[in-house]
Every structure is written in C-alpha cells, then in structure tokens.
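What follows is the residue order along each chain.
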Amino acid sequence: MDINEKYLVLTGACGGIGSEIASVLAHAGANLILVGRNLSKLKALQLALPRETAHKTLVADLNTDAGIQSVHDRCQQWKTEGLVIHGLINNAGSNQFSRLNQRDAASISEEIHLNLTVPILLSQQAIQWLARPGLILNVGSTFSAIGYPGYTTYCAGKAGLHRFSEALDRELDGTGIRVLYLAPRATDTALNSTTVNELNQHLGNQVDPPKWVAEQLLLSLQQETPVRWLGWPEKLWVRVNQILPSAVAGAIRKQSATIRQFLTKAEVHSSPEVL
Ligand SMILES: NC(=O)c1ccc[n+]([C@@H]2O[C@H](COP(=O)([O-])OP(=O)(O)OC[C@H]3O[C@@H](n4cnc5c(N)ncnc54)[C@H](OP(=O)(O)O)[C@@H]3O)[C@@H](O)[C@H]2O)c1
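This is a predicted model, so every value here is computed, not measured.

1. Here's the deal with the overall build of the chain
Here is step 1 of the chain: Looking only at helices and strands, the chain features 9 helices and 7 strands.
Here is step 2 of the chain: In terms of C-alpha radius of gyration, the chain reaches 19 Å, essentially the compact-globule figure of 19 Å for 275 residues.
Here is step 3 of the chain: With respect to the principal axes defined by its C-alpha atoms, the chain has extents near 55 × 45 × 30 Å.
Here is step 4 of the chain: Of all intrachain contacts in the chain linking residues separated by at least 6 positions in sequence, the fraction that spans at least 24 positions is 69%.
Here is step 5 of the chain: Mean positive and mean negative side-chain charge positions of the chain (24 and 23 charges, respectively) differ by 5 Å.

Rendered as structure tokens:
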C-alpha cells in the first residue's frame, strides 16, 4: 500500500518501537492516529512529528473494556465525519521475564490480554471502520515461533497473535483488507529490563535499534508482506524450530544455567519486597 496521506491507527505509539514507527511513517507521508495511555506523552510525540497538525491522539488503556470501546467509538465517529482510515497497527505489548511459577494470575491475564486479546478485538472493530484497501499489521515477536524459558506466557500470546493474523488474512481474502504480521527479535527499548539486557549481552544475542524495526515495518506495509521475521540467525532458528524442534531445544539447553541465573536475578528485582 502507498501510505502517503493515508490515516493509520498506531497503538503503543509512545513506546520505544512505537515512537520510531510514528516517526518513520510520518516521514513517509502517513497521517497517524496515535494511541497511548498518557495524553501529555502523546501530544509531545505529535509535536515532534513532521506535519504535526495532520496527526491525531487517542487516550486509551487497552487492557480495559472502556479503552477498547473508546478506540472503536472515536474511529467510527471520525469515519462518519468523513475521515478515511486505511490501517491499524497493533503494536502495544508487554512482557515479564520470569518463571511461570513466580507469576501471579493477574499479571499472566494482563499479558495475554494485551498481546493477544486486544489486537483481536481491535481488528474485529477495524473491519467496520477501515477503508478498502485496508491493512492490519500485528507486531509479534521471534518468541511467537520459539518457546523460550522465562517468557512462557509472552510466547503463548505472540504465538496466538501470529496464528490469528494468518487466519484473519485468509478469512478476509477478497474483501480488500490484508492482515500482516511482523516479528522483531530483541530490540533496544524499555520493554527489556537491565537484567534482560545483561542476559542478551552474556549470550551474544543481537539487539536491534527500534528505528530499524520501524523501517522494516514500513516495508511490510508498502509491500504488504504477510509475515516478516527480523534478524539473522533468529529467522533461521524460527524455521528450524518448525521442522526440528529438538535441535533448538538442544541449543537452548546449553544456555539453561545462564538463563536460570538471570531469571533468579530478575525475579528478585521484581519481587514485592524489593518494589
Ligand atoms: N523490545 C523488544 O525487545 C521487542 C522484541 C520483539 C517484539 N516486541 C514487541 O514490540 C511491541 C512494542 O514494544 P516496545 O519494545 O516498544 O515496548 P515499550 O517501549 O515497553 O512500549 C510498549 C507500548 O505498549 C503500550 N502499552 C502497554 N500497556 C498498555 C495498555 N494497557 N494500554 C495501552 N497501551 C499499552 C505502552 O503505552 P504507554 O506509552 O501508554 O505506556 C507503550 O507505548 C510490543 O508488541 C512488543 O511485544 C518488542
């Protein structure tokens, strides 16, 4: 899709990857509807974008029913007023690096809700207010295809998002809406705690700059790429895990002691006593 002068809804707009997506897309000519929880952060982002008055802001906590409904109501209202919205980018997401037995039920539910249920609900709404041709792009993760210790519920949520994107794209075949999936690997944002950054360094994992991820997302939109896995050798491991999961399990087993050591550190830092 040519995104020039097209309105696109972007969730998680003020985050590390989201703010770079906003910048890259606005420089490419898109008009953005920036969704986040904090109005002053959204306004500051809007002011920093080229053609600042072309963009809109929308405050919504997407982990609440009211937040989800407000996105729908505003987009329907803008549609009634003649605004043509061509895209939805489901980028808001969160995770916690912790063993499953250290998590409380509420944090598990919230993580699954934000990473999986929220994009499903927003996509369902968007079918009503998106113009044709329209695009929905879901931001997933390498961990949607590779189960990794310490990220059990995040892997589950993102794996669901990957399969959802594939199924909805097939369901909407011929309707003028495409559903795309972009899977970054580790990216340099506040999503990753100091402990996770130390683990990545220790294991020699590459960490991408968020601007590069945003540029890859722009390519996905322009080329309407159904699925894009980012980073080498991660994209190879994704394929190997499909056909030979025991090989990937063996490689992860070699990292187990290190991962456990950093998990313990992360769990101590996030325990209620320390907070
Ligand atoms: N960083 C990585 O290593 C990495 C790797 C692969 C995939 N990803 C994916 O990339 C996406 C962006 O992550 P990031 O690295 O940019 O993380 P980030 O800097 O922590 O930003 C996360 C964004 O999600 C939003 N968000 C969180 N809870 C929300 C809620 N309840 N309602 C509305 N918005 C909420 C935040 O909004 P506020 O601004 O209101 O706080 C923030 O803008 C996520 O889907 C993540 O899973 C990240």
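2. So, the sheet that holds strand S1 (residues 7–10)
Here is step 1 of the chain: The strand order across the open sheet built from 7 strands is S3-S2-S1-S4-S5-S6-S7, with neighbouring strands paired in parallel fashion. The open sheet terminates on both sides in strands that have one partner only, identified here as strand S3 (56–59) and strand S7 (227–229). The average angle at which neighbouring strand axes cross in this sheet is 15°, direction not considered.
Here is step 2 of the chain: The pairing of S1 with strand S4 (residues 85–90) spans 4 bridges and is classified as parallel.

3. Overview of the nonpolar core
One recurring pattern in soluble globular proteins: nonpolar side chains tend to sit buried together.
Here is step 1 of the chain: Core analysis: the biggest nonpolar cluster contains 48 residues, and Leu 62, Ile 85 and Phe 97 have the highest contact counts within it.
Here is step 2 of the chain: Setting aside residues no more than four positions away along its own chain, Leu 62 makes contact with Thr 11, Gly 67, Ile 68, Val 71, Ala 92, His 113, Leu 114, Val 118 and Leu 122.
Here is step 3 of the chain: Counting residues in each nonpolar core, the second largest holds 29 residues, with Leu 10, Leu 32, Leu 45 and Leu 230 among its members.

4. As for helix H2 (residues 39–48)
Here is step 1 of the chain: Looking at H2, one finds that the buried residues are Leu 42, Leu 45 and Gln 46. Mapping the buried residues of H2 onto a view down its axis gives an arc of 100°, with all of them on the same face. Those residues of H2 that are exposed and angled more than 90 degrees off the buried face are Ser 40, Lys 41, Leu 47 and Ala 48.
Here is step 2 of the chain: Buried residues along H2 sit against helix H1 (16–27), strand S2 (31–36) and S3.

5. Observations regarding the packing of helix H8 (residues 234–243) against helix H9 (residues 245–270)
Here is step 1 of the chain: Across the interface, H8 lies against H9 with an axial gap of 5 Å and an inter-helix angle of 120°. When the axes of H8 and H9 are compared, the pair comes out oblique. Side by side, H8 and H9 meet where Trp 237, Val 240, Asn 241, Gln 242 and Ile 243 of the first sit next to Pro 245, Ala 247, Val 248 and Ala 251 of the second.
Here is step 2 of the chain: For the contact of H8 with H9, the residue count by class is 7 nonpolar, 2 polar and no charged.

6. Focus on the pairing of S1
Here is step 1 of the chain: Covered by surrounding structure in S1 are Tyr 7 and Val 9 together with Leu 8 and Leu 10, the residues of both alternating faces.
Here is step 2 of the chain: As paired strands, S1 and S2 are joined by 4 bridges and run parallel to one another. Its bridge partner lying in S2, Tyr 7 is registered against Asn 31.
Here is step 3 of the chain: Since S1 and S2 lie parallel, the crossover through H1 that links them has a hand, and here it is right-handed.

7. Notes on the packing of aromatic side chains
Here is step 1 of the chain: In total, this model carries 5 aromatic pairs according to the counting rule given.
Here is step 2 of the chain: With a centroid separation of 5.1 Å and an interplanar angle of 35°, the aromatic rings of Phe 97 and Tyr 151 are classed as tilted. One end of the pair, Phe 97, is in the loop between S4 and helix H4 (105–129); the other, Tyr 151, is in the loop between strand S5 (130–139) and helix H5 (152–171), with 54 residues separating them in the sequence.
Here is step 3 of the chain: Ring centres of Tyr 151 and Tyr 154 lie 6.0 Å apart, and the angle between their planes is 55°; on these two criteria the pair is classed as tilted. Take Tyr 151 and Tyr 154: they sit in the same class, and that class is buried.
Here is step 4 of the chain: Each residue in the set Phe 97, Phe 143, Tyr 148, Tyr 151 and Tyr 154 is aromatic and connected to the rest through ring pairs, giving one cluster.

8. Here we look at the site of the ligand
Here is step 1 of the chain: Taken together, 27 residues form the shell around the ligand, and within it Gly 16, Ile 17, Arg 37, Tyr 154 and Thr 189 come nearest.
Here is step 2 of the chain: One of the side-chain nitrogen or oxygen atoms of Asp 61 is found 2.8 Å away from a nitrogen atom of the ligand.
Here is step 3 of the chain: Thr 187 places a main-chain nitrogen or oxygen 2.8 Å from an oxygen atom of the ligand.
Here is step 4 of the chain: Among the secondary structure elements, those contributing two or more residues to the shell around the ligand are H1 and H5.
Here is step 5 of the chain: For the shell around the ligand, the per-class residue count stands at 11 nonpolar, 11 polar and 5 charged.

9. Some words on H8
Here is step 1 of the chain: Listed as buried for H8 are Glu 234, Val 238, Val 240 and Asn 241.
Here is step 2 of the chain: Residues of H8 that are buried in the fold lie against S7 and H9.

So, how was this worked out
Residues numbered from 1 in each chain as written. Predicted model: local features only at pLDDT ≥ 70, side-chain atom pairs only at ≥ 80, totals over all residues. Heavy atoms only, no water. Helix = DSSP H or I, 4+ residues; strand = E, 2+ residues; numbered from the N terminus. Rg over C-alpha atoms; globule rule 2.2 N^0.38 Å. Contact = heavy atoms within 4.5 Å. Lys, Arg positive; Asp, Glu negative; His and termini not counted. Charge placed at Lys NZ, Arg CZ, Asp CG, Glu CD. Pairing = 2+ DSSP bridges. Axes fitted to C-alpha atoms, helices over the stretch in contact; angles between N-to-C directions. Core = buried A, V, L, I, M, F, W, Y, C linked by side-chain atoms within 4.5 Å. Buried < 20%, exposed > 50% of the residue type's maximum accessible area, 1.4 Å probe, protein only. Arc of directions from axis to C-beta. Parallel < 35°, antiparallel > 145°, perpendicular 65-115°, else oblique. Nonpolar A, V, L, I, M, F, W, Y, C, P; charged D, E, K, R; others polar. Right-handed = clockwise from strand over helix to strand, strands pointing away. Phe/Tyr/Trp six-rings, centres within 6.5 Å; stacked < 30°, edge-to-face > 60°. Near = heavy atom within 4 Å. Polar contact = N/O pair within 3.5 Å; in protein donor to acceptor, adjacent residues only side chain to side chain.

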